[in-house]
Amino acid sequence: MRVGIGYDSHAFAPGGKGRKLILGGVEIPHDKILAGHSDADVVAHALTDALLGAAGLGDIGRLFPSGDPRFKNADSIKLLSEAFLKVVEAGFTFSYADVTVIAEQPKLAPHVERMEERLAEALMCPPSHVSVKGKTNDGMGWIGQGQGIAAIAVATLAEPAAPRMSGGLTGLP
């Protein structure tokens, strides 16, 4: 079994300009958006890093550099799907993901089930294999002051089966 941990955070920016606040692939009604090169979905970004880390495939920045114009305003659920395919190509099997979103506002409870569904779609698994929780920072720090949102994710993967050697346990013919 492999375990990966991912983290992402983005500051709030004024809403408008056609962008929306997206968390876990779900549009969340709010007067602000998250600043970022892509759609700034901290949930999808943290989970992408957790998956890539568990598979030993680096991080989201290596796969989708923020300086690359191809990823300007990119849909982070699509990026998560692409990263997941790299994990599968490397021979791993997805087991479970757990994500904690830290934000004072907006309230996430009404959106958690849909976030789990969207993330599960990207990971080609049932929603029961993805957990999303919302927490506040109780007014502390930049998150507690309403300046942005952060997310922490853990993903577990089953390792590829080791090749069998002939000759029993020693590997000798």
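The coordinates are above.
What you see is a predicted model, and the numbers here were worked out from it, not measured in a lab.

Caption draft 1: Structural view of the nonpolar core. In terms of nonpolar packing, the biggest core is built from 48 residues, with Leu23, Leu51 and Leu123 touching the most fellow members. Contributing elements (two or more residues each) for this core: α1 (42-55), α3 (76-89), β5 (93-102), α4 (112-122), β6 (130-135) and β7 (148-158). Top element by residues in this core is α1. It accounts for 10 residues. Residues in contact with Leu123, not counting those within four places in the same chain, are Leu47, Leu51, Leu80, Phe84, Phe94 and Val130.

Caption draft 2: Inspection of the packing of aromatic side chains at higher detail. Counted according to the given criterion, the structure contains 2 aromatic pairs. Centroid distance Phe64 to Phe71: 5.3 Å. Interplanar angle 80 degrees. Geometry classified as edge-to-face. Here Phe84 and Phe94 contribute two aromatic rings whose centre-to-centre distance is 6.4 Å and whose plane-to-plane angle is 85 degrees, an arrangement assigned as edge-to-face. Remark: Phe94 occurs in strand β5 and Phe84 occurs in helix α3; sequence separation between them is 10 residues. There is no split in this pair, since Phe84 and Phe94 are both buried.

Caption draft 3: Representation of a nonpolar patch on the surface in the model. There is a patch of nonpolar side chains on the surface, built from Met1, Val3, Ile5, Tyr7, Trp142, Ile152 and Val154 and spanning about 700 Å² of accessible area. Mapped onto the nonpolar patch, the elements with two or more residues apiece are β1 (2-14) and β7. With 3 residues, β1 is the single largest residue contributor to the nonpolar patch. With respect to the element layout, Ile152 can be found in strand β7.

Caption draft 4: Molecular detail of the packing of α3 against α4. It is at 8 Å that the axes of α3 and α4 come closest, and there the two elements cross at 40 degrees. Taken together, the axes of α3 and α4 lie oblique to each other. Contacts between α3 and α4 involve Ile77, Leu80, Ser81 and Phe84 on the former and, on the latter, Arg118, Leu119 and Ala122.

Caption draft 5: Region of interest: α4. Those residues of α4 that fall on the buried side of the exposure criterion are Val112, Met115, Glu116, Arg118, Leu119, Ala120 and Ala122. On the buried face of α4, the contacting elements are β2 (22-23), β3 (26-27), α1, α3 and β6. One or two residues past the end of α4 sits Met124, with phi positive at roughly 50 degrees.

Caption draft 6: A look at the pattern of salt bridges. With the rule as written, the count across this model stands at 6 salt bridges. Its salt-bridge partner being Asp68, residue Arg70 comes within 2.6 Å of it at the nearest N-O pair. A salt bridge links Glu121 to Arg118, with the nearest nitrogen and oxygen atoms 3.4 Å apart. Linking Glu121 with Arg118, this pair stays in helix α4, spanning 3 residues, or about one helical turn. Linked through salt bridges whose partners overlap, the residues forming this network are Arg114, Glu117, Arg118 and Glu121.

Cut-offs applied
Residues numbered from 1 in each chain as written. Predicted model: local features only at pLDDT ≥ 70, side-chain atom pairs only at ≥ 80, totals over all residues. Heavy atoms only, no water. Core = buried A, V, L, I, M, F, W, Y, C linked by side-chain atoms within 4.5 Å. Buried < 20%, exposed > 50% of the residue type's maximum accessible area, 1.4 Å probe, protein only. Helix = DSSP H or I, 4+ residues; strand = E, 2+ residues; numbered from the N terminus. Contact = heavy atoms within 4.5 Å. Phe/Tyr/Trp six-rings, centres within 6.5 Å; stacked < 30°, edge-to-face > 60°. Patch = residues over 30% accessible without salt bridge, like charges linked within 9 Å, V, L, I, M, F, W, Y side chains within 5 Å. Areas by Shrake-Rupley, 256 points an atom, 1.4 Å probe, with all protein chains shown as cover. Salt bridge = Lys/Arg side-chain N within 4 Å of Asp/Glu carboxyl O. Axes fitted to C-alpha atoms, helices over the stretch in contact; angles between N-to-C directions. Parallel < 35°, antiparallel > 145°, perpendicular 65-115°, else oblique.

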